[in-house]
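Remarks on the overall topology
Single-letter residue listing:
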Amino acid sequence: MSDTKKKPEEKKQSEGKKDSGLVVIKVQKMPETLAQIAVKTVAEGIEKFNDLHESCDYVKSKFESDSFVDEETGEKISTKGVWHCVLGRKFGSFVTYAEGNFIQFYIGQLCCLIWKSS
C-alpha cells in the first residue's frame, strides 16, 4: 500500500509553525469521508491550541459529540462510541480498535493516531 499525500483543504499556516502542513496517510482503516474529517479535525485542533494535550482533547471531544455531517450529501456521519487520539513526534503504539475505525497519518512531522474502541 502506498502512502497518500495531500494538503488539508482548509489548513491555514500559522506564524511560527514549522510544519509544512503536508498530510501523509500511513494507515487508513475507515471510510474516506471519515478520514477527511479526521485530518480536518486534527488540523483545527492544532490551530486552536498550542498544547498537544489540548489538541487531542479537542479531537476526542469532536468525535464523541457525534455531530459530523457529510458536506457533499448532507447525511449525518455516526461517530458514536469512545474515541482516542494521540499526537506526537516520537512514540510507539499498539492499539486495539473497532473494525473500520482507525487512522494513522502525519501532518508535517506530527504523527496522528485516531481510533475508536469497541
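Anyway, here's the lowdown on the structure attached to this text. (Residues numbered from 1 in each chain as written. Predicted model: local features only at pLDDT ≥ 70, side-chain atom pairs only at ≥ 80, totals over all residues. Heavy atoms only, no water.)

**Concerning the packing of helix H1 (residues 32-48) against helix H2 (residues 52-64)**
Stated formally: Throughout, an axis means a line fitted to C-alpha atoms (over the contacting stretch in the case of helices), and angles, computed between N-to-C directions, take values from 0 to 180 degrees. Numbering goes from the N terminus for both helices and strands, where a helix is a DSSP run of H or I of at least four residues and a strand is a run of E of at least two. Orientation categories follow fixed angle ranges, with anything under 35 degrees roughly parallel, anything over 145 roughly antiparallel, 65 to 115 roughly perpendicular, and all other angles oblique. A crossing counts as left-handed when the near helix is turned anticlockwise from the far one by less than a right angle, and as right-handed when that turn is clockwise. Two residues qualify as a contact provided that any one of their heavy atoms is within 4.5 Å of a heavy atom in the partner residue.
Closest axis-to-axis distance for the H1/H2 pair is 8 Å, and the angle between their directions is 140 degrees. By the angle between their axes, H1 is oblique relative to H2. The two elements H1 and H2 meet at a crossing, and its hand is right-handed. For the pair H1 and H2, the contacting residues are Leu34, Ile37, Ala38, Thr41, Val42, Glu44, Gly45, Ile46 and Lys48 in the first and Ser55, Tyr58, Val59, Lys62 and Phe63 in the second.

**So, the nonpolar core**
Where a protein is soluble and globular, its nonpolar side chains tend to be buried together. What counts is decided by this rule: Here, nonpolar core means buried Ala, Val, Leu, Ile, Met, Phe, Trp, Tyr and Cys residues that are tied together by side-chain atoms lying within 4.5 Å of each other. A 1.4 Å probe rolled over the protein chains alone gives each residue an accessible area, and that area as a share of the maximum for its type sets the label: buried under 20%, exposed over 50%, partly exposed in between.
In this structure, Val42, Phe63, Ile103, Phe105, Ile107 and Ile114 are the most contacted members of the largest nonpolar core, which totals 26 residues. Residue assignment for this core shows that the elements contributing at least two residues are strand S2 (23-29), H1, H2, strand S5 (82-88), strand S6 (102-107) and strand S7 (110-117). Ranked by residue count, the leading element in this core is H1, at eight residues. Residues within four places of Phe105 in sequence aside, it is in contact with Val23, Val24, Ile25, Lys26, Ala38, Val39, Val42, Leu110, Cys111, Cys112 and Ile114.

**Things to note about the environment of Ile37**
Among the secondary structure elements, Ile37 is positioned in helix H1. According to the relative accessible area criterion, Ile37 is buried, its value standing at 12%. Apart from residues no more than four positions distant in its own chain, Ile37 is found in contact with Phe63, Phe68 and Ile77.

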